[in-house]
Amino acid sequence: MTEAILLVGGKGTRLRPLTVHTPKPMVPAAGVPFLTHQLARARAAGVEHIVLATSYLAEVFEPYFGDGSALGLHLEYVTEEEPLGTGGAIRNVASRLHSGPDEPVLVFNGDILTGLDIRALVDTHESTGADVSLHLTKVTDPRAYGLVPTDDSGRVLAFLEKPQTPEEIVTDQINAGAYVFRRSVIDAIPAGRPVSVERETFPGLLEAGAHLQGMVDSTYWLDLGTPAAFVRGSADLVLGRAPSPAVPGRCGDRLVLPTATVAPDAKLTGGTVVGEGAFVAKGARVFGSTILPGAVIEPGAVITDSLIGTGARVGERSVLTGTVIGDGAIVGADNELRAGVRVWCDARIPAGAVRFSSDQ
């Protein structure tokens, strides 16, 4: 196995305003675009050639990663003119693959942070002779995911999309968003129209008697689709809970990029990241949060489990918990923003304008 497809075309609507100016895979996690971690892990597993299936803000990717040589990879880019879904995106890049009909092609979703043993998934695919092999993980509450029950040998029995009733929840195994396809299966996906692998390709293959193999790998796994999950994933990379060879520094309580400035008495903990050119002033306390490049945290601000966008500013003594501040936004002094608040790009909140508690 020497090549892979990376699906990076989604709009990242659940992550807005982070994705207003930046495609989801390019939002920084642990100091570098999230996509960097996926590419580095694929390279470490022996992948050499990766085709990126792009769509939303497609023009951003190639100027940053180029031909991939800096990561020891050969990268190519294919842009969808119209959204084609997961299966359609895979089929749309098939002409760029070098693999023969029976050779394996790795496929990743661009919004999953995982400790998956990639080589083990490929080995499972080859040893079982499967047409498609799927990474499965176990979750406590599977209602938001597609369930994938398997038999004792790991062979997939069905695909059950987002079950809600107890009777429908027949397993805690879910589709974890990484696959190995036999190349000929990719070529058989209908071209030029939207196709969902989860709802059309995989159920159709099962119905036709194809061999779909599941491999349960319950190492670290996180869907980064929401702001809270994205912030947590970045912190887990810094803390070393999620593995990546691309973290630009030693794992620990904090990651401060070289051109950032942090006051000596500011406190950074919980996997906090301070991006390039950002400034954290005296007396500020930042826990488990991401401060993107050029952002300013003024004296005495307290920020917990939040993401502060590029060039944004948080005023003195403001308290932010579980919030997202868009690029270029300004939160004035003495505000209090709580979980779920999203401040849009370039918005202005005056001093003392928003509180959840008394001002005394």
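Residues numbered from 1 in each chain as written. Predicted model: local features only at pLDDT ≥ 70, side-chain atom pairs only at ≥ 80, totals over all residues. Heavy atoms only, no water.

## What about the overall build of the chain?
Line of reasoning, step 1. Helix and strand content of the chain: 7 helices and 30 strands.
Line of reasoning, step 2. A globule of 360 residues ought to have a C-alpha radius of gyration of about 21 Å, and the chain, at 22 Å, matches this closely.
Line of reasoning, step 3. Across the 360 residues that make up the chain, the buried fraction comes to 55%.
Line of reasoning, step 4. Counted over contacts in the chain with a minimum sequence separation of 6, partners at least 24 positions apart contribute 51%.
Line of reasoning, step 5. Roughly 14900 Å² of accessible area belongs to the chain as shown, and the carbon and sulfur atoms make up 51% of that amount.
Line of reasoning, step 6. Each charge class in the chain can be summarised by its mean position, and for the 30 positive and 41 negative side chains these summaries are 7 Å apart. (Helix = DSSP H or I, 4+ residues; strand = E, 2+ residues; numbered from the N terminus. Rg over C-alpha atoms; globule rule 2.2 N^0.38 Å. Buried < 20%, exposed > 50% of the residue type's maximum accessible area, 1.4 Å probe, protein only. Contact = heavy atoms within 4.5 Å. Areas by Shrake-Rupley, 256 points an atom, 1.4 Å probe, with all protein chains shown as cover. Lys, Arg positive; Asp, Glu negative; His and termini not counted. Charge placed at Lys NZ, Arg CZ, Asp CG, Glu CD.)

## Structural notes on the UniProt feature "domain: Nucleotidyl transferase" (unreviewed entry) in the chain
Line of reasoning, step 1. Residues annotated by UniProt as "domain: Nucleotidyl transferase" (unreviewed entry) correspond here to residues 4-236.
Line of reasoning, step 2. End C-alpha atoms of residues 4-236 are separated by 25 Å, and the span's content is 26% helix alongside 25% strand. (UniProt positions renumbered as here; feature names shortened; annotations may be inferred.)

## Focus: the sheet that holds strand β29 (residues 342-343)
Line of reasoning, step 1. Reading across from one edge, β14-β17-β20-β23-β26-β29 is the order of the 6 strands in this open sheet, with parallel pairing throughout. Single-partner strands in this sheet number two, and they are β14 (254-256) and β29.
Line of reasoning, step 2. Relative to β29, strand β26 (residues 324-325) runs parallel, the two being bridged by 2 bridges. Each bridged residue has a counterpart across the sheet, and for V324 the counterpart in β29 is R342.
Line of reasoning, step 3. Across the sheet, helix α7 (residues 227-239) is in contact with β14, β17 (272-274), β20 (290-291), β23 (307-308), β26 and β29; its angle to β17 comes to roughly 90°. (Pairing = 2+ DSSP bridges. Axes fitted to C-alpha atoms, helices over the stretch in contact; angles between N-to-C directions.)

## Thoughts on the sheet that holds strand β28 (residues 336-337)
Line of reasoning, step 1. Spatially, β16-β19-β22-β25-β28 is the arrangement adopted by the 5 strands of the open sheet, whose pairing is parallel. Edge positions in the sheet fall to β16 (267-269) and β28, since each has one partner strand and no second.

## Section: the pairing of strand β12 (residues 212-216)
Line of reasoning, step 1. Buried residues dominate β12, accounting for 4 of its 5 residues.
Line of reasoning, step 2. Bridge count for strand β8 (residues 132-138) against β12 is 5 bridges, and the pairing is parallel. Bridge pairing in β12 places S133 opposite Q213.

## Side note on the environment of G326
Line of reasoning, step 1. Mapped onto the elements of the fold, G326 is located in the loop between β26 and β27 (330-331).
Line of reasoning, step 2. For G326, a relative accessible area of 1% puts it in the buried group.
Line of reasoning, step 3. Along the chain, G326 and G87 lie 239 residues apart, while their C-alpha atoms are 32 Å from each other.
Line of reasoning, step 4. Apart from the residues within four sequence positions on either side, G326 is in contact with P17, G309, A312, V343, W344 and C345.

## Some points on the pattern of salt bridges
Line of reasoning, step 1. Scanning the entire structure with this criterion turns up 15 salt bridges.
Line of reasoning, step 2. Notably, a salt bridge pairs D123 with R119, separated by 3.6 Å at the nearest N-O pair. With D123 and R119 both in helix α4 (residues 118-128), this residue pair falls 4 residues apart, about one helical turn.
Line of reasoning, step 3. With relative accessibility at 40%, the residue D123 sits in the partly exposed group.
Line of reasoning, step 4. The salt bridge partner of D172 is K138, with a shortest N-O separation of 3.4 Å. (Salt bridge = Lys/Arg side-chain N within 4 Å of Asp/Glu carboxyl O.)

## What to know about the UniProt feature "domain: Mannose-1-phosphate guanyltransferase C-terminal" (unreviewed entry) in the chain
Line of reasoning, step 1. The feature "domain: Mannose-1-phosphate guanyltransferase C-terminal" (unreviewed entry), as annotated in UniProt, sits at residues 252-332 in this numbering.
Line of reasoning, step 2. Helix makes up 0% of residues 252-332 and strand 42%, with an end-to-end C-alpha separation of 31 Å.

## What to know about the packing of aromatic side chains
Line of reasoning, step 1. Applying the stated criterion across every chain yields a total of 7 aromatic pairs.
Line of reasoning, step 2. With 5.3 Å between their ring centres and 25° between their planes, F159 and F202 make a pair best called stacked. Of the two residues, F159 sits in the loop between β9 (146-147) and β10 (160-161) while F202 sits in helix α6 (residues 197-207), which places them 43 residues apart along the sequence. (Phe/Tyr/Trp six-rings, centres within 6.5 Å; stacked < 30°, edge-to-face > 60°.)

## Structural notes on unusual backbone geometry
Line of reasoning, step 1. A cis amide bond links R16 with the next residue in sequence, P17, at an omega value of 15°.
Line of reasoning, step 2. Along the chain, the position of P17 falls in the loop between β1 (3-7) and β2 (28-29).
Line of reasoning, step 3. Even without a glycine there, the phi angle at D305 is positive, about 50°.
Line of reasoning, step 4. Take D305: it is sitting in the loop between β22 (302-304) and β23.
Line of reasoning, step 5. In the Ramachandran plot, R317 falls in the positive-phi region, its phi being about 65° despite a non-glycine side chain.
Line of reasoning, step 6. The topology assignment puts R317 in the loop between β24 (313-314) and β25 (319-321).
Line of reasoning, step 7. For R317, a relative accessible area of 44% translates into the label partly exposed.

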